[in-house]
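Chain and residue survey
Chain by chain, the residues run as shown.
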Amino acid sequence: DSLLKAAINANIQFDEQKAMEFNRLAEKLALDHFGRVSPIYARVRLNYGQIQYNLEDWFESENGYKDALDIQMIAHGRLSKEYSETLLNLGILNLTRCDYLKAEINFLEAKDIIGKLFGKTSKEYTNPLIDLGILYSDRGDYRKSEIQYQEAAAILSANPGSNSYARCLVNQSWMYFLKGDYDKAEPLALKSSEILKKNMGQDNFYYGMTLYNLGCLYLRKHDYARSESFFEGGRLIFEKTVGKDNPNYTDCISDMADLFALQGRFSAAEGYFLEARDNREKMLGKLHPSYTSSLYSLAKFYQRSGRIPESTIHFLELNRLVRQHIEKSAEYSSETEMIAFLQTFNEKLDGFQSFAHDHSSPEFCRESYNNALFFNGLVLENNRILARAIADADSLTREVYKKWQGCHRRLAKRYARPIGDRKKIAEVELEAEEYEKQLLRNLPGFNKTHESPRWQDVRNQLKPDELAIEFIHYDYFRPDATDSVLYAALLLRSGWDAPRLFPLFEEKELTALLKSHGAQKSENMARLYALSERGIIATEQTNSLYKLIWEPLEKEIRMELSGGAKNISSIYFAPSGLLHQINLAAIPCSEDSILGDRYHLIEMGSTRQLAAQAEKIDVYRNDAILFGGIQYDMDSLAIFEANASLNQADLASRSAANDSYETGNFRGETWNYLKWTDKEVNTIQSVLSSDGYNTEIKKGFIATEEAFKSIGTNGYSPRILHLATHGFFFPDPQKQGKTLEDLDSEVGFKASNNPLIRSGLLLAGANHAWKHGKPLKKGMENGILTAYEISHLNLSHTELVVLSACETGLGDIRGNEGVFGLQRAFKIAGARYLIMSLWQVPDRETAEFMTTFYKKWLTEKMSIPEAFRTTQNEMRERFINPYSWAGFVLVE
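Computed from a predicted model, the values in this text were never measured in an experiment.

Rules used throughout
Residues numbered from 1 in each chain as written. Predicted model: local features only at pLDDT ≥ 70, side-chain atom pairs only at ≥ 80, totals over all residues. Heavy atoms only, no water. Helix = DSSP H or I, 4+ residues; strand = E, 2+ residues; numbered from the N terminus. Buried < 20%, exposed > 50% of the residue type's maximum accessible area, 1.4 Å probe, protein only. Contact = heavy atoms within 4.5 Å. Areas by Shrake-Rupley, 256 points an atom, 1.4 Å probe, with all protein chains shown as cover. Salt bridge = Lys/Arg side-chain N within 4 Å of Asp/Glu carboxyl O. Core = buried A, V, L, I, M, F, W, Y, C linked by side-chain atoms within 4.5 Å. Pairing = 2+ DSSP bridges. Axes fitted to C-alpha atoms, helices over the stretch in contact; angles between N-to-C directions. Arc of directions from axis to C-beta. 1 Å grid on protein atoms, 1.4 Å probe; cavity = no way out; pocket = protein on both sides within 12 Å on 5 of 7 lines; lining within 4 Å. Points joined across faces, edges and corners; volume = space filled by probe spheres on them. Nonpolar A, V, L, I, M, F, W, Y, C, P; charged D, E, K, R; others polar. Lys, Arg positive; Asp, Glu negative; His and termini not counted. Polar contact = N/O pair within 3.5 Å; in protein donor to acceptor, adjacent residues only side chain to side chain. Phe/Tyr/Trp six-rings, centres within 6.5 Å; stacked < 30°, edge-to-face > 60°. Patch = residues over 30% accessible without salt bridge, like charges linked within 9 Å, V, L, I, M, F, W, Y side chains within 5 Å. Parallel < 35°, antiparallel > 145°, perpendicular 65-115°, else oblique. Left-handed = near helix turned anticlockwise from the far one by under 90°.

The number of helices and strands found in the chain is 38 helices and 16 strands. Here the chain, with 892 residues, has 56% of them falling under the buried criterion. Taking the intrachain contacts of the chain between residues at least 6 apart in sequence as the baseline, contacts between residues at least 24 apart amount to 72%. When the accessible surface of the chain is split by element, carbon and sulfur atoms take 49% of a total near 36900 Å².

See below:
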């Protein structure tokens, strides 16, 4: 026992060699006197793992911890302090190796054990809380990280001068720093520094950590003198206590190098950058995020220094490793976790693309296209794969799936309530997330099904007269320029040896065009899409959609043709950012023509769809379900009175009565009956029936949310799902400067931080819940079908969804994931084609567009894309104002 204590003390002092000597002696005595399954031998193996951890020998460290766990399970049982302590050590090892899945499992199990043994207000319970806080912070999930730290700090604040409390503050401060909330990070870092300096002196490792944190903080605040002072203090402490071959020392000199580079001290900066990179490769390997951070720092440094070949090498290696990190994480992370984790790589990916912008080459164009194929809709595609994989899962996995869906049903009801009325949402969200991760772990084939194609795979599917375009947007930055968001296009044709990159415009230029500047939205859309010869709008514009988006690409296409290339007839494209709000085919390109006249433009979520093999699916059945002529009031007398007053119904839009870009507050308003939707579904039923379709119409009070949610429950969704009704989308209230207090009484459809709740469709009886946030009777659906609810349905046998409603193509635009709204929801549910609208098209024009489309598709036997294109051209001739026809888009 004395030898073991000596080994532990030596290890605490970071004297690993002496610790190993004592531990070997202790191990021999423990084996000789107590045997391999004794508690004391378990302690020896645990300490062996801790020593090897400090020596960065992860394999031997894991062996020590696992040996200790096996013995402790026999000697003490799972519900023991000893077993939980070893679990925490193993979790820290897995976290260091960036094996986030195993680390979280270790920490959560330890948390459960400690909570049962000591209670959830004990000091011991704070250990797994802090470890989980570090884990979630590293993965960019700051919401969950903050919850863990706040709970731990509340417990430890009973002794505010303790080292334990200070260490909690150190980590909490770092989380706020990573989040970019420097005002919260600074006081916590200073407070923890004071406590540790007083209790442990100025040469203590943990005090060094507080100095390093403060150095990083002041570097971000551009206080370079204070930053260097804190960095140097931390570096000297790390060098003295743990040596130079240590991750903490390495992190410190890496950030010092960044500081020196900003100050123009290039020689000192390069030395530290290279030392940090080599240390991280030796200690952690190339597949560790810290190594990618070194690559990024060096790539930027060489770019800033004008050493472009060296910068090129580092950016290309960085890009490859970032994709590997994200690929691994996608195998086990929930949607929320993946979106947070992806954001931790934004700066590196934007840096890569900015460099490619300035130093374009075939190699960078290939990698840029590969990035677009990999990242665009990555989480969306994972959701689709998960939904399909459930069908072949075992019974236990399907049971987990049922529980997961049950959580989402509960959440859907709670999200709809006013914010002030919501209860226990966070707990149900975490429960749903855990079920989702269980499903990912229980589906062995999942990680093999979402491998992303390469640019060559797309090129090989293109015909000589076809072109593929991946639009991208990125934060563009370089040392001598102001940061801005740029849009670019990656073009690809059959026979090319690499894609080609074309910078297009700054996001603020497109934002200025889309903004109505006080005019009605209908007028602004007419201005954007009108043909000048028709005299809709005579206003001259410095910029136009054509000049911004297409003119640079048209020049390249013309150059191709002048070189003898075959004419381009079809263009497959995937939009990015604000381009999701544009109907590309409707953009005027001359006085009397639009882009759709020149090319057959086919919108996709990603051009990787061209390379993906066709999914195996039963032959589509000729059946359809049509929703229209819906009554939104609960009271039949009120319906009669409302319908009698609809003198202007012919011009009613299928959304709330607001024509501005910033959706207003509709609380207390009602949704009006749309008489043309009744005629629309009747006409479509006639067309479908003549083509042999089995058609079911849901009208009036029959068009309930319950009726919609029953679709697909028998294993087959209809081939056609047509919804002629009101649609809604509300922008993020927090981005409009609204606080929780402002939104306290608002229903969730307007106030939620989840964009899939703020987007949806109205069904029978919806007006009551729209006003009150609750259905008429407990247990009923509320008649408001949100995108969130749609995303958890099974529409895998549906070829076409027609959203004959307004603004159904809108939603929050989130990075590479595209639009979070109805579009995303129906894609997750499994539908192949979607027809949606970008603005509030009048009721009559909508009905005519839809009935014409069905006749083109079914009666005239056109393909869905061709029928849509032909319909839009016909509507363009019939309704001169583009507001009446250009708002509809087809997405495959």
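What follows picks up the thread again.
For Gly234, the position within the fold is in helix H12 (residues 224-241). The buried category is assigned to Gly234, whose relative accessible area is 0%. Taking the C-alpha atoms as reference, Gly234 lies 7.2 Å from Cys252; in sequence the two are 18 residues apart.

Okay, the pattern of salt bridges next. All told, the structure shown has 50 salt bridges when counted by the stated rule. A salt bridge links Glu109 to Arg78, with the shortest nitrogen-to-oxygen separation between them at 3.1 Å. Taken together, the residues Glu109 in helix H6 (residues 100-118) and Arg78 in the loop between helix H4 (58-75) and helix H5 (81-96) connect sequence positions 31 residues apart. The partner of Arg876 in a salt bridge is Asp597, and the shortest N-O contact between them spans 2.8 Å. Here the residue Arg876 occupies a position in helix H38 (residues 864-878), and Asp597 occupies one in helix H28 (residues 595-598), the gap between them amounting to 279 residues. Given a relative accessible area of 35%, Asp597 falls into the partly exposed group. Each of the salt bridges in this network shares a partner with another, and the network as a whole consists of Glu104, Asp141, Lys144, Glu337, Glu433, Glu434 and Lys437.

By size, the foremost hydrophobic cluster in this structure holds 232 residues, and its most contacted members are Trp550, Phe708, Phe826 and Tyr854. Of the residues forming this core, the biggest block, 10 residues, is contributed by helix H11 (residues 205-220).

Within the open sheet, the three strands sit side by side as E9-E10-E11. Their pairing is antiparallel. Each having just a single partner strand, strand E9 (727-729) and strand E11 (784-786) make up the two edges of the open sheet. Between one strand axis and the next, the sheet turns by 25 degrees as a mean value, whatever way the strands run. Direction of pairing for E9 relative to strand E10 (residues 759-762): antiparallel, over a ladder of three bridges. In the sheet register, Gly727 faces E10, and the bridge partner there is Leu761.

A few words on helix H1 (residues 2-12). By the burial criterion, the buried members of H1 are Leu4, Ala7, Ala10 and Asn11. Along H1, the residues classed as buried sweep out an arc of 125 degrees about the axis, all on the same side. Relative to its buried face, H1 has exposed residues pointing more than 90 degrees away, namely Ser2 and Ile12. The secondary structure elements touched by the buried residues of H1 are helix H2 (16-33) and helix H3 (39-54).

Attention now moves to helix H36 (residues 822-829). Among the eight residues in H36, eight count as buried, and that is most of the element. Within the sequence span of H36, burial applies to Leu822, Gln823, Arg824, Ala825, Phe826, Lys827, Ile828 and Ala829. Among the residues trailing H36, Gly830 stands out with phi positive, at a value near 115 degrees.

What follows concerns the pairing of strand E16 (residues 888-891). Alternating residues of E16 divide into Phe888 and Leu890 and Val889 and Val891, and every residue in both groups is buried. Bridge count between strand E15 (residues 833-837) and E16: four bridges; the pairing is antiparallel. Residue pairing for E16: Leu834 is matched across the bridge by Val891.

For the structure on display, the rule yields nine cavities of 30 Å³ or more. Considered as a void within the structure, the largest cavity measures approximately 280 Å³ in volume. At the level of secondary structure, the elements contributing two or more residues to the lining of the largest cavity comprise strand E5 (600-603), H38 and E16. At five residues, H38 tops the list of elements feeding residues into the lining of the largest cavity. Of the residues contributing to the lining of the largest cavity, the split by class is 15 nonpolar, five polar and three charged.

All right, on to the side chain of Lys827 then. Within the fold, Lys827 resides in helix H36. No salt bridge is formed by the buried Lys827. Its closest oppositely charged neighbour is Glu603, at 6.4 Å. Non-local contacts of Lys827, meaning those with residues more than four positions away in its chain, are made with Leu380, Arg384, Gly605, Leu834 and Val891.

Along the polypeptide, Gly77 turns up in the loop between H4 and H5. The exposure class assigned to Gly77 is buried, which follows from its relative accessible area of 18%. When residues no more than four places from it in sequence are discounted, the contact partners of Gly77 are Gln72 and Tyr83.

A few words on the side chain of Thr292. Counting through the fold element by element, Thr292 comes out in helix H15 (residues 289-304). Polar side-chain contacts of Thr292 include one of 2.5 Å to the backbone oxygen of Pro289. Non-local contacts of Thr292, meaning those with residues more than four positions away in its chain, are made with Leu318, Leu321, His325 and Lys348.

Looking now at unusual backbone geometry. Backbone geometry at Cys98 places phi at a positive 65 degrees, although glycine is not the residue there. Following the sequence through the fold, Cys98 ends up in the loop between H5 and H6. Of note, the phi angle at Lys861 is positive, near 60 degrees, even though the residue is not glycine. When you line up the elements, Lys861 lands in the loop between helix H37 (843-859) and H38.

Most of strand E2 (residues 484-493) is tucked away: nine of the 10 residues are buried. In this sheet, strand E3 (residues 500-506) lies alongside E2 in antiparallel orientation, the contact comprising six bridges. Opposite Leu491, over in E3, you have Arg500 as the bridge partner. The hairpin formed by E2 and E3 contains six residues between the paired strands, and Gly495 there has a positive phi angle of roughly 90 degrees.

Before going further, it helps to examine the packing of aromatic side chains. In this description, an aromatic ring pair is defined by two values, namely the gap between the centres and the angle between the planes. Taken as a whole and assessed by the stated rule, the structure comprises 35 aromatic pairs. Between Tyr100 and Phe341 the ring centres are 5.9 Å apart and the planes differ by 70 degrees, which places this aromatic pair in the edge-to-face class. With Tyr100 in helix H6 and Phe341 in helix H17 (residues 335-343), this pair connects stretches of sequence that are 241 residues apart. The pair Tyr100 / Phe341 is uniform in exposure class, with both members buried.

The grouping of Val37, Met73 and Ile74 at the surface amounts to a nonpolar patch, some 300 Å² of accessible area in total. Counting through the fold element by element, Val37 comes out in the loop between H2 and H3. When its relative accessible area of 52% is taken as the criterion, Val37 is described as exposed.

A few words now on the packing of helix H8 (residues 142-156) against helix H9 (residues 163-179). Between H8 and H9, the least distance of the axes is 10 Å, while the angle of their chain directions is 160 degrees. Taken as axis vectors, H8 and H9 run roughly antiparallel relative to one another. Crossing angle aside, the handedness with which H8 passes H9 is left-handed. Between H8 and H9, the contacting residues are Tyr142, Ser145, Glu146, Tyr149, Gln150, Ala152, Ala153 and Leu156 on the first element and Ser164, Tyr165, Cys168, Asn171, Gln172, Met175, Tyr176, Leu178 and Lys179 on the second.

Geometrically, a packed helix pair is captured by the angle between its two axes and the distance between the axes. Their axes nearest at 11 Å, the elements H3 and H5 cross at an angle of 20 degrees. One finds that H3 runs roughly parallel with respect to H5. The element H3 and its partner H5 pack so that their crossing is left-handed. Of the residues in H5, those touching H3 at Leu46, Gln50 and Tyr53 are Glu85, Thr86, Asn89, Ile92, Leu93 and Thr96.

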